[in-house]
Amino acid sequence: MITAITGSGFGDEGKGKITDFLAEKADIAVRFQGGANAGHTIINDFGRFVLRLLPSGVFHHNVENMIASGVAFDADIFFSELEMLKEKGVKAPKILVSSRAQLLLPVHKLQDKLEEERLGKNKFGSTLSGIWPFYSDKFARRNIQISELYSENLKSIAGRFCEDKNICFKAFYGIENAVSYPDLLNYLYDLKARLSPYLCDCPYYMNEAIKEGKEILLESQLGSLRDIENGIYPYVTSSSPLAGFGSVSAGIPPYEIQSVVSVVKAYNTSVGEGPLVGELFGSAADTLRRRGGDQGEFGANTGRPRRMAWFDCVSTRYGCMLQGATEIALTNLDVLGYLDRIPVCVSYHTNGKITKNFPQTYLLRDAQPVYEYLNGWHCDISGCSQYNELPEAAKDYIRFIEDQIGVPVSIISVGPKRNQTIFRHSGVGNKL
Ligand code: GDP
């Protein structure tokens, strides 16, 4: 069976925790999209980790961890994460890298930084990980695919890349020879030797695994609202975090993804630029931010304070629809235990109308949240291990979300640790 684990918000929903948890019963965990621009926080017996590129199955020695073709492959981060796992005493994981993935090179990161500087006050709030330059070079068909490291034409492929980047850097940033051809070749030759033990032909590997009936998890980063096609364009990432893209990136048939677990936070957060309907400020935001996540709501990778809002049914329903969610993993429910009553945004007031549909980005700026208020449970639920142990008000909160979104909540996360997870219904957690 193939299960996609994706986010239905702006990212940071807790996909890493849920993937690490579900990977216990999986054979293959596939990271299918984005690059090292976000971090998946995982807290388990080995410690606390923020994985940027490696799939979140790396802590289970039985799991094969695949980096699929659609990932922006930053080899420097890849090797540093493997080293970090070793230092923290994690047994060397089984890793496979698609030879069809393309290389995110140091020059992509340099371009990301120079472009944010050029844009000044109009900047995107990029994490400077080189993601958009990587994807734009992919669509311009100038990136270097990992397989090309082994081609006899590598020198000419690298030469063309170098020439194109240098023309672009001179025109946009007035910098001559930003990429040195000899340095680039040395870098590529070094990678050629170091990467070869990990490489595989991802589509064949994955289709064979399907035939063998393996349990496969597809893990994305960020969330639906940052999808390049359907998100809050232009404040989106440069790839697609949707489950559908998992099939493209791993080279497998879309109908093989039978289960889509949409990870959803019990409140709403966003990091970076772009509209956030019902954004909280002042003490309401500070309190929620301080209590959220495992160390407060600060970017796992960047440390930036996350912008805060109450649970948003409008954006979550849209996000789940885009994912094709078959079930929801609701995380951070424990965080709300301090509230007497909990606002939930059920519709937006925008353009003179009330809507339950997520508007186009330009209408979001002025959209006002319409709240319903639910009773708080006013206690610590982080020790609950069964659904029945949850207070009635917490169950009401879950049911309310379920009704509003129209997707069953099958996993409830009541803390950042692996074991602070509750299964409900016959969701994927019980099926795996
Ligand atoms: P991801 O990128 O979707 O994996 O999410 P991040 O790692 O960026 O952010 C999720 C944050 O929530 C991290 O700090 C996690 O440790 C934390 N977290 C995940 N689930 C829970 C939960 O149920 N309760 C609490 N308090 N923290 C959680």
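Residues numbered from 1 in each chain as written. Predicted model: local features only at pLDDT ≥ 70, side-chain atom pairs only at ≥ 80, totals over all residues. Heavy atoms only, no water.

Taken as a whole, this structure holds 24 salt bridges when the rule is applied. Measuring nitrogen to oxygen at the nearest pair gives 3.5 Å for the salt bridge that ties D190 to R194. Taken as a pair, D190 and R194 lie in helix α6 (residues 181–195) at a separation of 4 residues, close to a single helical turn. The exposure class of D190 is partly exposed, given its relative accessible area of 38%. With a shortest N-O distance of 2.8 Å, D396 and R399 are connected by a salt bridge. Of this pair, D396 and R399 both sit in helix α12 (residues 392–405), 3 residues apart, roughly one helical turn. By relative accessible area, which is 40% here, D396 ends up partly exposed. Each of D137, R142, R160, D164 and K165 takes part in one network of salt bridges that share partners. (Salt bridge = Lys/Arg side-chain N within 4 Å of Asp/Glu carboxyl O. Helix = DSSP H or I, 4+ residues; strand = E, 2+ residues; numbered from the N terminus. Buried < 20%, exposed > 50% of the residue type's maximum accessible area, 1.4 Å probe, protein only.)

What follows is about the domain arrangement of the protein. One can read the domain layout of the protein as domain 1 (2–90 + 202–431) and domain 2 (102–197). Taking only C-alpha atoms into account, the centre of domain 1 sits 30 Å from that of domain 2. Listed as interface residues are 24 residues of domain 1 and, on the opposing side, 21 residues of domain 2. Broken down residue by residue, the surface that domain 1 buries against domain 2 is led by F73, F79 and S238, which jointly contribute 31%. Counting the contacts that link domain 1 with domain 2 gives 1 salt bridge. Residue K109 is joined to D74 by a salt bridge in which the shortest nitrogen-to-oxygen separation is 2.8 Å. For the pair domain 1 and domain 2, the number of links is 6 residue pairs in polar contact (both at pLDDT 80 or more). Elements supplying a minimum of two residues to the side of domain 1 that touches domain 2: β6 (72–73) and α2 (75–87). If one sorts the elements of the side of domain 1 that touches domain 2 by residue count, α2 sits on top with 4 residues. In terms of residue class, the side of domain 1 that touches domain 2 is made up of 9 nonpolar, 10 polar and 5 charged. (Domains from an automatic or database assignment. Contact = heavy atoms within 4.5 Å. Buried area = accessible area lost by both parts, 1.4 Å probe. Polar contact = N/O pair within 3.5 Å; in protein donor to acceptor, adjacent residues only side chain to side chain. Nonpolar A, V, L, I, M, F, W, Y, C, P; charged D, E, K, R; others polar.)

Glycine aside, a negative phi is what most residues show, and trans is what most peptide bonds show. The step from Y233 to P234 runs through a cis peptide bond, and the omega angle for that step is 10°. Within the secondary structure layout, P234 lies in the loop between β10 (216–219) and α8 (243–250). Not every positive phi belongs to a glycine, and L128 is a case in point at roughly 60°. Relative to the helices and strands, L128 is located in the loop between α3 (106–119) and α4 (131–139). By relative accessible area, L128 is classed as partly exposed at 38%. Look at L222: it is not a glycine, yet its phi comes out positive at around 55°.

A few words on the site of the ligand. Among the 21 residues in the neighbourhood of the ligand, the closest are listed as K15, T41, D294, D334 and S413. Within the side chain of S413, one N or O atom sits 2.5 Å away from an oxygen atom of the ligand. Contact with the protein chains removes 98% of the 590 Å² of surface that the ligand exposes when unbound. For the shell around the ligand, the secondary-structure elements that each account for two or more residues are α1 (15–22) and β3 (40–44). Top element by residues in the shell around the ligand is α1. It accounts for 3 residues. (Near = heavy atom within 4 Å. Areas by Shrake-Rupley, 256 points an atom, 1.4 Å probe, with all protein chains shown as cover.)

Here the focus is the packing of aromatic side chains. Counted according to the given criterion, the structure contains 15 aromatic pairs. Note on F21 and F423: the rings are 5.4 Å apart at their centroids and 55° apart in plane angle, and the pair reads as tilted. Pair noted here: F21 is in helix α1 and F423 is in strand β20 (residues 421–423), with a separation of 402 residues, a long-range link. F21 sits in the buried class, given a relative accessible area of 17%. Aromatic side chains F78 and F79 sit 5.1 Å apart centroid to centroid with 70° between the ring planes, which places their arrangement in the edge-to-face category. By the burial criterion, F78 is buried, and F79 matches it. Taken together, the ring pairs connect F73, F78, F79 and Y198 into an aromatic cluster. Over the ring of F49 we find K88; its NZ or CZ atom is 4.6 Å from the centre of that ring. The cationic tip of R341 hangs over the ring face of Y373; the distance from NZ or CZ to the ring centre is 4.1 Å. (Phe/Tyr/Trp six-rings, centres within 6.5 Å; stacked < 30°, edge-to-face > 60°. Lys NZ or Arg CZ within 6 Å of the ring centre and 35° of its normal.)

A word on the nonpolar core. Membership of the largest hydrophobic core comes to 42 residues, with the highest contact counts inside it found for L54, F73, F78, L103, L188 and L195. Broken down by secondary-structure element, the contributors of at least two residues to this core are β4 (47–51), α2, β7 (94–98), α3, α5 (154–173) and α6. Looking at this core, the element that brings in the most residues is α5, giving 8 residues. The two domains that each donate at least three residues to this core are domain 1 (2–90 + 202–431) and domain 2 (102–197). Contacts of F73, omitting those with residues within four sequence positions, involve L53, I67, F78, V97, A101, Q102, L103, L104, F134, I146 and L195. Counting residues in each nonpolar core, the second largest holds 40 residues, with L374, I398, V409 and V414 among its members. (Core = buried A, V, L, I, M, F, W, Y, C linked by side-chain atoms within 4.5 Å.)

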